[in-house]
Amino acid sequence: DQQVKQNSPSLSVQEGRISILNCDYTNSMFDYFLWYKKYPAEGPTFLISISSIKDKNEDGRFTVFLNKSAKHLSLHIVPSQPGDSAVYFCAASDRGTGGGADGLTFGKGTHLIIQP
Amino acid sequence: DAMVIQNPRYQVTQFGKPVTLSCSQTLNHNVMYWYQQKSSQAPKLLFHYYDKDFNNEADTPDNFQSRRPNTSFCFLDIRSPGLGDAAMYLCATRQGAVEKLFFGSGTQLSVL
């Protein structure tokens, strides 16, 4: 059963507008969340992260919001640019809570397409 | 630039013929991971090394083995590849308590 879910396989947004990518999780032991960006034929690259003690983290055009009670996080990209077109993976870790697992648990990804 | 390097980028093998994928890193990170990613699926953790300590995920098939001869290198051996093993294989590293993983570009494995 998937512990990290990205329910939108793809999202199309106009250049200059806001892109909102969503992620839900089921494991309450997750205490750290990351977003990765992946271009075709390349490995994922780290974008932004958030600890469970926070509800928001911002880095330039990228903001991640965490709602622990809803087990939901979202990535906002404002304004969206053509170079943002990529697959975005949500990932979670439970190492800090002693969940016993190492490595990150990933969602299936959302393919973001920025239209000119 | 410090990085994670995977070779080859593309690997074609025959059904049942052993194949080895390699990963090297110049980051000097103590943890190395192997993930398998099939098309439109989430990357799935196969195993990882914490220094020299090998940790296998419970559902990783016995067909998959790994070696880490030193800090810089890690290998993924598939003893008898099946058609279902065709996937992108991603190597990643991490250091200490930092959560962020650094990924290589991956090796796309095809099984004929």
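Shown above is the structure to which this text applies.
For clarity, every value in this text was computed on a predicted model and none was experimentally measured.

Quick look at the pattern of salt bridges now. Residues and elements named next belong to chain B. Counted according to the given criterion, the structure contains four salt bridges over all chains. Residue Arg 67 is joined to Asp 77 by a salt bridge in which the shortest nitrogen-to-oxygen separation is 2.7 Å. With a gap of 10 residues between them, Arg 67 in strand 7 (residues 64-67) and Asp 77 in strand 8 (residues 73-78) connect regions that are remote in the sequence.

It is worth spelling out the side chain of B:Arg68 at this point. Residue and element names in this part refer to chain B. Mapped onto the secondary structure, Arg 68 falls in the loop between strand 7 and strand 8. We note that Arg 68 is buried and unpaired, the nearest opposite charge coming from Asp 51 at a distance of 5.4 Å. For Arg 68, the side chain forms a polar contact with the main-chain oxygen of His 29, separated by 3.1 Å. From its side chain, Arg 68 meets the backbone oxygen of Asp 51 in a polar contact 2.9 Å long. Ignoring sequence-local partners within four residues, the contact set of Arg 68 consists of Gln 25, His 29, Asn 30, Val 31, Met 32, Tyr 49, Asp 51, Phe 73 and Cys 74.

Turning our attention to the state of the cysteines. Inspection of every chain in the model, using the stated rule, returns two disulfides over all chains. Each sulfur in the disulfide pair A:Cys23 and A:Cys90 lies 2.0 Å from the other. Looking along the S-S bond of the A:Cys23-A:Cys90 disulfide, the torsion reads about -75°, which is the left-handed sense. Here A:Cys23, found in strand 3 (residues 19-25), pairs with A:Cys90, found in strand 9 (residues 86-93); they are 67 residues apart in sequence, far enough to count as distant. The pair A:Cys23 / A:Cys90 is uniform in exposure class, with both members buried. The disulfide bridge from B:Cys23 ends at B:Cys91, spanning 2.0 Å between sulfur atoms. Judged by the sign of its S-S torsion, about -75°, the bond between B:Cys23 and B:Cys91 is left-handed. Of this pair, B:Cys23 sits in strand 3 (residues 19-25) while B:Cys91 is found in strand 9 (residues 87-94), placing the two residues 68 residues apart along the sequence. Of the residues examined, B:Cys23 reaches a relative accessible area of 1% and is grouped as buried. Residue classification places B:Cys91 among the buried positions, given a relative accessible area of 0%.

Turning our attention to the environment of B:Thr60. Residue and element names in this part refer to chain B. Structurally, the position occupied by Thr 60 is in the loop between strand 6 (53-56) and strand 7. For Thr 60, a relative accessible area of 5% corresponds to the buried category. For the pair Thr 60 and Gly 106, spaced 46 residues apart in sequence, the C-alpha to C-alpha distance is 19 Å. The contacts of Thr 60, once residues within four sequence positions are left out, are Leu 45, Leu 46 and Phe 47. There is a polar contact of 2.5 Å between the side chain of Thr 60 and the backbone oxygen of Leu 46.

Rules of the game
Residues numbered from 1 in each chain as written. Chains lettered and ligands numbered in written order. Predicted model: local features only at pLDDT ≥ 70, side-chain atom pairs only at ≥ 80, totals over all residues. Heavy atoms only, no water. Salt bridge = Lys/Arg side-chain N within 4 Å of Asp/Glu carboxyl O. Helix = DSSP H or I, 4+ residues; strand = E, 2+ residues; numbered from the N terminus. Buried < 20%, exposed > 50% of the residue type's maximum accessible area, 1.4 Å probe, protein only. Lys, Arg positive; Asp, Glu negative; His and termini not counted. Polar contact = N/O pair within 3.5 Å; in protein donor to acceptor, adjacent residues only side chain to side chain. Contact = heavy atoms within 4.5 Å. Disulfide = S-S within 2.5 Å.

Function cannot be inferred from these measures alone, as they are strictly geometric.
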